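Structural overview
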2 protein chains.
Amino acid sequence: MTEHPPAKARRGRPRQAEVARLAGVSQTTVSLVLGGNKQGIVLHPDTRARVLEAAKELGYVPDPAARRLAAARNNLLGVFSFTATFPTAVEHSYYPFLVGVEQEAAVHGYDLVLFTGSSSGGAQAGTSGALERVRLADGCLFLGRHVPADELRRLVEHGYPAVHIGRRDELEGLAWVGADYVEASAEVVRRLAELGHRRVVLVREDDDAPASTDRERGVREALDAAGLDATDAVVRAADPATDITADWLRGRLTEGVTAFVAEETDTGAAWRALLAAVEDAGLDAPADLSLALLGSPPADLAERPEPTGFDIPRAELGAAAVRALTTLLATGETESPLVACAFRPGNTAGPAPAP
Amino acid sequence: MTEHPPAKARRGRPRQAEVARLAGVSQTTVSLVLGGNKQGIVLHPDTRARVLEAAKELGYVPDPAARRLAAARNNLLGVFSFTATFPTAVEHSYYPFLVGVEQEAAVHGYDLVLFTGSSSGGAQAGTSGALERVRLADGCLFLGRHVPADELRRLVEHGYPAVHIGRRDELEGLAWVGADYVEASAEVVRRLAELGHRRVVLVREDDDAPASTDRERGVREALDAAGLDATDAVVRAADPATDITADWLRGRLTEGVTAFVAEETDTGAAWRALLAAVEDAGLDAPADLSLALLGSPPADLAERPEPTGFDIPRAELGAAAVRALTTLLATGETESPLVACAFRPGNTAGPAPAP
DNA sequence: TTGTACGCGTTATCAG
DNA sequence: CTGATAACGCGTACAA
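Now for a quick tour of the structure. (Residues numbered from 1 in each chain as written. Chains lettered and ligands numbered in written order. Predicted model: local features only at pLDDT ≥ 70, side-chain atom pairs only at ≥ 80, totals over all residues. Heavy atoms only, no water.)

Glancing now at the nonpolar core. Core analysis: the biggest nonpolar cluster contains 104 residues, and Leu98(A), Val163(A), Leu98(B) and Val163(B) have the highest contact counts within it. Not counting residues up to four positions away in its chain, the partners in contact with Leu98(A) are Val79(A), Leu112(A), Leu114(A), Tyr95(B), Leu98(B) and Leu114(B). Of all hydrophobic cores here, the second largest spans 41 residues; its members include Leu136(A), Val134(B), Leu152(B) and Leu171(B). (Core = buried A, V, L, I, M, F, W, Y, C linked by side-chain atoms within 4.5 Å. Buried < 20%, exposed > 50% of the residue type's maximum accessible area, 1.4 Å probe, protein only. Contact = heavy atoms within 4.5 Å.)

Set out below in structure tokens:
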């Protein structure tokens with residue numbers, strides 16, 4: 001009993017020392033050869049070859065934790081996501097971003113660590129300090145609304161390389177990549193104005209995430225620019241399903257509102273409520289009124305009708321985030337690019353009905 | 001220059017030793033208190049309190065890398081996927097499996113490592129020895145057709161804990177979780193038989209993956225069981241787009257075939273070709289003939305018409321795979337469960353037309 | 001009940 | 001060119 005029973009998980013996991021023994025050299029040499037020889041030390045090609053062969057023979061792979069502990073890097077990028085609900089449908093989750101993240105990570109030679117219990121509301125979610133887990137990776141991507149600001153700030157202040165997917169100005173020094181919701185929302189309203197709509201209402205949920213406020217800003221800016229009345233132009237619905245009713249809709253219509261714009265959220269509640277209200281009121285879009293969605297529709301109502309609005313370039317955002325993170329890792333430069341959203345014509349908006 | 005410039009990421013992070021000094025105890029005691037005291041060692045409540053206070057005071061958070069290094073395990077589960085094409089659409093990728101994988105991994109306290117350059121066709125894909133990378137994780141999930149058998153065998157022979165998503169009997173000792181394609185395909189054919197179809201043709205691609213052969217087996221078994229003619233019941237189309245034409249279709253119809261079944265693949269080529277041939281021939285399903293798809297349709301033609309067939313329970317498969325892997329990790333027991341597929345009525349199959 | 005000593009796997013320095 | 005040796009931060013037998 002002189003040896004602790006080794007954890008099953010490690011059985012057969014070769015270390016540098018074993019590679020060294022097999023190659024007949026020291027462990028240091030193995031580290032040198034396998035580490036790319038940053039020190040510029042000259043090694044005998046034969047030695048090098050023997051080490052490489054031994055490593056391949058044994059299937060040696062460096063332990064990421066040890067690598068990291070020794071203040072090196074492990075070619076691992078973290079992904080920590082805070083989506084409100086568990087992704088039963090892939091489209092509602094962060095996977096669309098992951099497509100771009102994964103592709104770009106591959107380009108740069110990084111593998112990905114998905115920190116669970118974040119999106120999935122698993123055991124560790126909400127636990128204070130849960131974010132610290134990401135330190136296992138060289139750097140980390142954060143995404144979703146409601147990423148805990150204080151924990152994130154701690155990481156950033158300690159110099160941990162982090163990039164947030166989604167604009168995040170409040171956190172000094174945090175790099176982020178964002179969709180240009182302001183411009184995209186403004187464009188939607190501009191189109192509506194061009195279609196003759198003079199009064200437009202934005203239905204947003206009761207949520208102060210940047211993604212929401214940006215949309216509102218874009219809407220307001222476009223209204224101003226078009227010289228339209230912005231009075232009561234924004235409605236905050238704590239519970240869209242009960243607040244946005246057929247009656248409410250009729251009320252607004254009699255006030256002269258001809259177009260309704262919903263923000264996109266995790267649940268799509270605002271858009272859903274709007275569609276339901278229109279149907280309940282026996283109205284039709286775009287004949288009787290125009291509708292637009294500031295984002296992509298939830299999967300279950302993606303078609304019939306296809307919402308006028310814009311698409312969030314999720315994969316590009318993911319890729320841009322990885323680029324930002326890798327340059328942060330390599331140069332220490334913090335960049336925060338804004339990615340444009342493409343306008344989606346759709347078929348829920350049309351010319352404003354004659355008064 | 002007596003000190004190495006510490007990595008930015010680590011600067012200023014309090015360690016257990018500092019907590020210990022502040023609390024006037026040893027580092028061990030700190031570890032004990034903060035580690036939840038698994039050993040059941042009795043500590044003086046005051047000591048405990050002092051340690052906790054000191055930890056909070058300093059904002060101590062354990063270093064995950066060190067923790068994992070000491071524990072001789074990662075709590076990392078790998079995911080290595082071999083899908084034929086890059087997932088431009090999440091639905092075509094391995095993400096639907098990942099939903100279940102992620103959820104179940106969270107339950108068991110594991111994080112996930114996504115090995116890039118596998119699904120994404122990145123730089124390292126196809127490289128010999130690329131699979132060895134997975135050793136970084138405590139265990140790994142493999143998925144997709146065409147996972148290189150020899151490399152996988154090496155890993156398994158070395159005792160590396162691996163679970164393949166998809167049946168894989170050829171590899172002695174490899175654990176896998178599979179969808180019961182045989183039974184699901186048989187059920188589809190049984191339904192067709194019940195609808196009066198006497199001659200059924202399976203269109204499969206030129207591919208000998210288990211997922212393909214299982215479907216064929218199910219089809220043949222059901223044909224036999226129903227006493228139907230299995231002559232020329234299976235067509236292998238190297239290139240469905242050019243092989244499965246309107247002319248071909250008419251030919252088979254005149255031979256008395258009334259139902260066509262396509263296997264599902266990454267590309268959905270067989271099903272796509274079948275739909276196109278029917279349209280080109282000016283025919284209609286299910287009026288003139290019946291169609292069924294052994295799997296889920298590609299996203300771009302998920303509706304209109306919804307294919308009769310079955311759904312692959314991808315999330316459940318992912319979850320089952322994680323369970324298999326964690327028990328393999330914990331007990332060394334290899335299990336290979338088969339998960340049932342749900343029949344999907346759809347609307348492309350109907351009663352066989354009268355002869 | 002608390003402290004000592006060592007190991008986990010890797011990197012990095014420095015003397016042969 | 002190579003081989004000891006010391007961190008890195010934490011867990012844990014074993015001793016006090």
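Along a regular strand, successive side chains alternate from one face of the sheet to the other. All names here are of chain A. Most of strand β1 (residues 76-81) is tucked away: six of the six residues are buried. Alternating residues of β1 divide into Leu76, Gly78 and Phe80 and Leu77, Val79 and Ser81, and every residue in both groups is buried. Across five bridges, the pairing between β1 and strand β3 (residues 139-143) is parallel. Paired with phenylalanine 80 across the bridge in β3 is phenylalanine 142. (Helix = DSSP H or I, 4+ residues; strand = E, 2+ residues; numbered from the N terminus. Pairing = 2+ DSSP bridges.)

Along an α-helix, residues three or four positions apart point the same way, because every turn accommodates 3.6 residues. Residue and element names in this part refer to chain A. Taking 1.5 Å per residue as the helical rise, helix α5 (residues 95-107) with its 13 residues ought to reach 18 Å, and the 18 Å between its terminal C-alpha atoms agrees with that figure. For α5, the tally of buried residues reaches eleven of 13 residues, placing the bulk of the element in the interior. Positive backbone phi, approximately 80°, marks glycine 109, located one or two places after α5. (Expected span 1.5 Å × (residues − 1).)

Let us look at helix α10 (residues 246-254) of chain B. Residue and element names in this part refer to chain B. All of the buried residues along α10 are Ala246, Trp248, Leu249 and Arg252. The buried side chains of α10 occupy one side of the element, clustering within an arc of 160° when seen end-on. Away from its buried face by more than 90 degrees, α10 exposes Asp247 and Thr254. Lining the buried residues of α10 we find β6 (200-205), β7 (234-237), α9 (240-243), β8 (259-263) and α11 (269-280). (Arc of directions from axis to C-beta.)

Attention now moves to the protein's contact with DNA strand D. In the neighbourhood of DNA strand D, 24 residues make up the surrounding shell, with Ser26(A), Val42(A), Arg15(B), Gln16(B) and Tyr60(B) lying closest. Close to the protein, within 4 Å, the atoms of DNA strand D belong to sugar or phosphate groups at a rate of 67%. In the model, a phosphate oxygen of DNA strand D is placed 2.8 Å from a nitrogen or oxygen of the Gln16(B) main chain. Residue Asp63(B) places a main-chain N or O atom 3.4 Å away from a phosphate oxygen belonging to DNA strand D. Elements represented by at least two residues in the surface near DNA strand D include exactly α2 (27-34) of chain A together with α2 (27-34) and α4 (64-71) of chain B. Here the surface near DNA strand D is built from residues that sort into ten nonpolar, ten polar and four charged. (Near = heavy atom within 4 Å. Polar contact = N/O pair within 3.5 Å; in protein donor to acceptor, adjacent residues only side chain to side chain. Nonpolar A, V, L, I, M, F, W, Y, C, P; charged D, E, K, R; others polar.)

Okay, the protein's contact with DNA strand C next. DNA strand C sits among 27 residues. The nearest are Arg15(A), Gln27(A), Tyr60(A), Thr28(B) and Thr47(B). In DNA strand C, atoms within 4 Å of the protein come 69% from sugar and phosphate. The side chain of Tyr60(A) places a nitrogen or oxygen atom 2.5 Å from a phosphate oxygen of DNA strand C. The separation between a phosphate oxygen of DNA strand C and a polar main-chain atom of His44(B) is 3.1 Å.

The next subject is the pattern of salt bridges. Residue and element names in this part refer to chain A. Tallied over the full model, the rule gives 41 salt bridges over all chains. Of the charged contacts in the structure, one is a salt bridge between glutamate 132 and arginine 154, with a shortest N-O distance of 3.7 Å. In this pair, glutamate 132 is assigned in the loop between β2 (111-114) and β3 and arginine 154 in helix α6 (residues 149-157), connecting sequence segments 22 residues apart. Residue arginine 204 pairs with glutamate 216 through a salt bridge whose shortest N-O separation is 2.5 Å. You can see arginine 204 sitting in strand β6 (residues 200-205) and its partner glutamate 216 sitting in helix α8 (residues 210-225), a full twelve residues away along the chain. The class of arginine 204 is buried, set by a relative accessible area of 2%. A network of salt bridges, in which partner residues are shared, links Arg204, Asp206, Asp208, Glu216, Arg220 and Arg236. (Salt bridge = Lys/Arg side-chain N within 4 Å of Asp/Glu carboxyl O.)

Here we take up the side chain of Ser296(B). All names here are of chain B. Summarising the element assignment, serine 296 is placed in the loop between β9 (290-294) and β10 (309-311). Judged by relative accessible area, serine 296 falls into the buried class, the value being 12%. In this structure the side chain of serine 296 is engaged in a polar contact, spanning 3.4 Å, whose partner is the side chain of aspartate 311. Ignoring any residue separated from it by four or fewer positions in sequence, one finds serine 296 in contact with Glu264, Phe310, Asp311, Ile312, Arg314 and Arg344.

Moving on, we come to the packing of aromatic side chains. Under the criterion given, the structure shown has 13 aromatic pairs over all chains. A centroid spacing of 6.3 Å and a plane angle of 40° characterise the contact between Tyr181(B) and Phe310(B), whose relative ring orientation is tilted. Residue Tyr181(B) is found in helix α7 (residues 181-194), and its partner Phe310(B) is found in strand β10; the two are separated by 129 residues along the sequence. Among the residues examined, Phe310(B) registers a relative accessible area of 1% and is labelled buried. A network of ring pairs unites the aromatic residues Phe80(A), Phe82(A), Phe115(A) and Phe142(A) as a single cluster. (Phe/Tyr/Trp six-rings, centres within 6.5 Å; stacked < 30°, edge-to-face > 60°.)

Our next topic: the sheet that holds strand β2 (residues 111-114) of chain B. Strand order in the open sheet formed by twelve strands is β11(A)-β5(A)-β4(A)-β3(A)-β1(A)-β2(A)-β2(B)-β1(B)-β3(B)-β4(B)-β5(B)-β11(B), with mixed pairing between adjacent strands. If you trace the sheet from one side to the other, it starts and ends with β11 (338-339) of chain A together with β11 (338-339) of chain B, each paired once.

In this section: the pairing of β2(B). Here β2(B) shows two buried faces, one formed by Asp111(B) and Val113(B) and the other by Leu112(B) and Leu114(B). As judged from the three bridges shared by β2(A) and β2(B), these two strands associate in the antiparallel manner. Bridging from a neighbouring strand, Leu112(A) pairs with Leu114(B) of β2(B). Both strand β1 (residues 76-81) of chain B and β2(B) contribute to a ladder of four bridges, which runs parallel.

Glycine aside, the phi torsion of most residues is negative, and most peptide linkages are trans. Cis geometry is found at the peptide bond from Ala285(A) to Pro286(A), where omega equals 10°. Tracing the backbone through its elements, the reader meets Pro286(A) in the loop between α11 (269-280) and β9 (290-294). The backbone of Asn75(B) shows a phi angle near 60°, a positive value even though the residue is not glycine. Within the fold, Asn75(B) resides in the loop between α4 and β1. For Asn75(B), a relative accessible area of 26% puts it in the partly exposed group.

Residue and element names in this part refer to chain A. Assignment of secondary structure puts threonine 348 in the segment after β12 (342-344). Among the polar contacts listed, one links the side chain of threonine 348 to the backbone oxygen of leucine 291, at a separation of 2.6 Å. A polar side-chain atom of threonine 348 sits 3.0 Å from the main-chain amide nitrogen of threonine 308. Discounting residues that sit within four places of it in the chain, threonine 348 has contacts with Trp271, Ala285, Pro286, Leu289, Ser290, Leu291, Ala292, Pro305, Glu306, Pro307 and Thr308.

A separate point is the environment of Tyr94(A). Considering the arrangement of structural elements, one finds Tyr94(A) in the loop between β1 and α5. With a relative accessible area of 2%, Tyr94(A) lands in the buried category. Considered as a pair, Tyr94(A) and Leu291(A) are 197 residues apart in the sequence and their alpha carbons are 26 Å apart. One polar contact links Tyr94(A) to Glu102(B), side chain to side chain, over a distance of 2.7 Å.

Here we take up the environment of Ser31(A). Residues and elements named next belong to chain A. Positionally, serine 31 belongs in helix α2. Taking relative accessible area as the criterion, serine 31 reaches 32% and is therefore assigned partly exposed. Residues serine 31 and glutamate 255, 224 residues apart in the sequence, show an inter-C-alpha distance of 75 Å.

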